[in-house]
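# Summary of structural features
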Amino acid sequence: MASLYTKLRLLHSLLHGERALGGPVWLVVELTRRCNFTCLGCFFHSPAVRQSGLPNEPVQDLSSELVEKICAELPALGTRHVILVGRGETLLHPRLFDFLAAFRQAGFNTVEVFTNGTLLDRRMARRLVHSGVDLLRVTFWAVNPEEHEQWHPGTSASLLEKRLEGLRLLAEAKQEAGTSRPEVSLEMPLHRGNMDNLAQRVEVALGGACDLVTFTYFRDYDGPCRHLTVSPEDAETLRPALVEAGQRLEAGGVRHNIPAYLARARAGHQAYRDLPCYVGWYGSYVNVDGTVMYCSRCSEPMGNLLEQPFSGIWHGQRYREYRRRTVTRAGLESLGPVCKCANCCLVPENEQVHRVFRWFTPLARKAAD
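An account of the accompanying structure is given in this report.

### Side note on helix α9 (residues 258-267)
- Of all the residues in α9, the buried ones are Ile258, Tyr261, Leu262, Arg264 and Ala265. Buried residues in α9, looked at end-on, bunch into an arc of 165°, giving them a common side.
- Contact partners of the buried residues in α9: β5 (183-190), β6 (212-217), α8 (232-251), β7 (255-256) and α14 (347-357).
- At the C-terminal side of α9, glycine 268 shows a positive phi close to 85°.

Printed below as a string of structure tokens:
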């Protein structure tokens, strides 16, 4: 997750009980809410969702003002990792490359970008190679025309080949520039509708000029596609095929996260109930309108960057209260519908922290205000 210094600072903060002694280890920044693609499992733009998960707000794109504030304030707090996402498609933002340059100049030494890959042409590939992005995460729900029709309803299956061609163009651009950056991770959600087609997913990865395959635990957050979530029993059935897939990927020089995926799938839909939540110490989320969230699935805002400094929000009373509540199961459950924790994507991170911090829990104290 971070350097030894950062981990020790995190432990010190946890022992304090409420107050983080530095900034978040990583900051997730929402770039845009506009999207050019349809994914059935998306809880913002899916046609299966009766009502969009996006608030009806005029702000659709992150502003330059917010980027300037992030760059001025977060590195000073010790944050060095920024993750650019979108409730839409990140590459649609007209100032993406200006923002990438700003993050680099500000001192962020790790920059990740999520994308659906539909806009990866030769020019975009070359710009990404020269942008300083460390990791490009390209989501692949479908690996053949039949799957594309099923999981991307209303979009042309020709986009599948276009995305694969985009990956090849990116690999060519990296070779021309003599660099290995950005690394490319194919983000492949596994669910009950596609987990029987692992072999073709491996073929796509091996031919897709990627460095890493990340099988992701499908998260519907109790929405209309919750029946697709892989159960612990499914995970055990899937295990032999995943082990074989891992061996094929390794033989082809492609890294993977299969052990971590299996561990997450075995933990199941309600895994969050068995763990404290530590995200309030190691991560934060900024929406396009400047709203700072405890995490992307907790709807109560901690503050707004357009109205106050990030440090005032991060060290403020709302954050302190949430940290105090989420480190116990009873406290986390008391948040009720405010935090939609089913199928939580942060279970692996929380497990990583808890493996160490559980031994220090008796020493933790509640800080004085």
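### Details of the sheet that holds β7
- Read across the open sheet, the 10 strands follow the order β7-β6-β5-β4-β3-β2-β1-β8-β9-β10; overall the sheet is mixed. In this open sheet, the two strands that pair with only one neighbour each are β7 and β10 (301-304).
- Strand contacts of helix α7 (residues 198-207): β5 and β6, with the helix running at about 165° to β5, the strand carrying the most contacts.

### Notes on the environment of alanine 20
- For alanine 20, the position within the fold is in the loop between α1 (4-16) and β1 (26-30).
- In sequence terms alanine 20 and leucine 10 are 10 residues apart; their C-alpha atoms lie 7.4 Å from each other.
- Ignoring anything within four residues of it in the chain, the contact list for alanine 20 reads Ser13, Trp281, Trp314, His315 and Arg323.

### Overview of empty space enclosed by the protein
- What the rule picks out here adds up to one cavity of 30 Å³ or more.
- The space that makes up the largest cavity amounts to roughly 50 Å³.
- For the largest cavity, the full set of lining residues is Thr6, Arg9, Leu10, Ser13, Ala20, Gly22, Gly23, Val25 and Trp281.
- The greatest single-element share of the lining of the largest cavity, amounting to four residues, is contributed by α1.
- Here the residues of the lining of the largest cavity sort into four nonpolar, four polar and one charged.

### Regarding the state of the cysteines
- In total, this model carries one disulfide according to the counting rule given.
- Here cysteine 298 connects covalently by a disulfide to cysteine 339, the sulfurs 2.0 Å from one another. What sets the handedness of the cysteine 298 and cysteine 339 disulfide is the S-S torsion sign, and at about 115° it is right-handed. Residue cysteine 298 is located in the loop between β9 (291-293) and β10, and its partner cysteine 339 is located in the loop between α13 (329-334) and α14; the two are separated by 41 residues in the primary sequence.

### Re the nonpolar core
- Core analysis: the biggest nonpolar cluster contains 101 residues, and Leu84, Phe103, Leu186, Phe215, Leu242, Tyr261 and Tyr282 have the highest contact counts within it.
- Examining the composition of this core, we find that six residues originate from one element, helix α6 (residues 158-177), more than from any other.
- In contact with leucine 84, other than residues within four places in its own chain, are Val29, Leu31, Thr90, Leu96, Leu100, Phe103, Val111, Glu112, Val113 and Phe114.
- Counting residues in each nonpolar core, the second largest holds eight residues, with Trp141, Trp151, Leu159 and Cys225 among its members.

Analysis parameters
Residues numbered from 1 in each chain as written. Predicted model: local features only at pLDDT ≥ 70, side-chain atom pairs only at ≥ 80, totals over all residues. Heavy atoms only, no water. Buried < 20%, exposed > 50% of the residue type's maximum accessible area, 1.4 Å probe, protein only. Helix = DSSP H or I, 4+ residues; strand = E, 2+ residues; numbered from the N terminus. Arc of directions from axis to C-beta. Contact = heavy atoms within 4.5 Å. Pairing = 2+ DSSP bridges. Axes fitted to C-alpha atoms, helices over the stretch in contact; angles between N-to-C directions. 1 Å grid on protein atoms, 1.4 Å probe; cavity = no way out; pocket = protein on both sides within 12 Å on 5 of 7 lines; lining within 4 Å. Points joined across faces, edges and corners; volume = space filled by probe spheres on them. Nonpolar A, V, L, I, M, F, W, Y, C, P; charged D, E, K, R; others polar. Disulfide = S-S within 2.5 Å. Core = buried A, V, L, I, M, F, W, Y, C linked by side-chain atoms within 4.5 Å.

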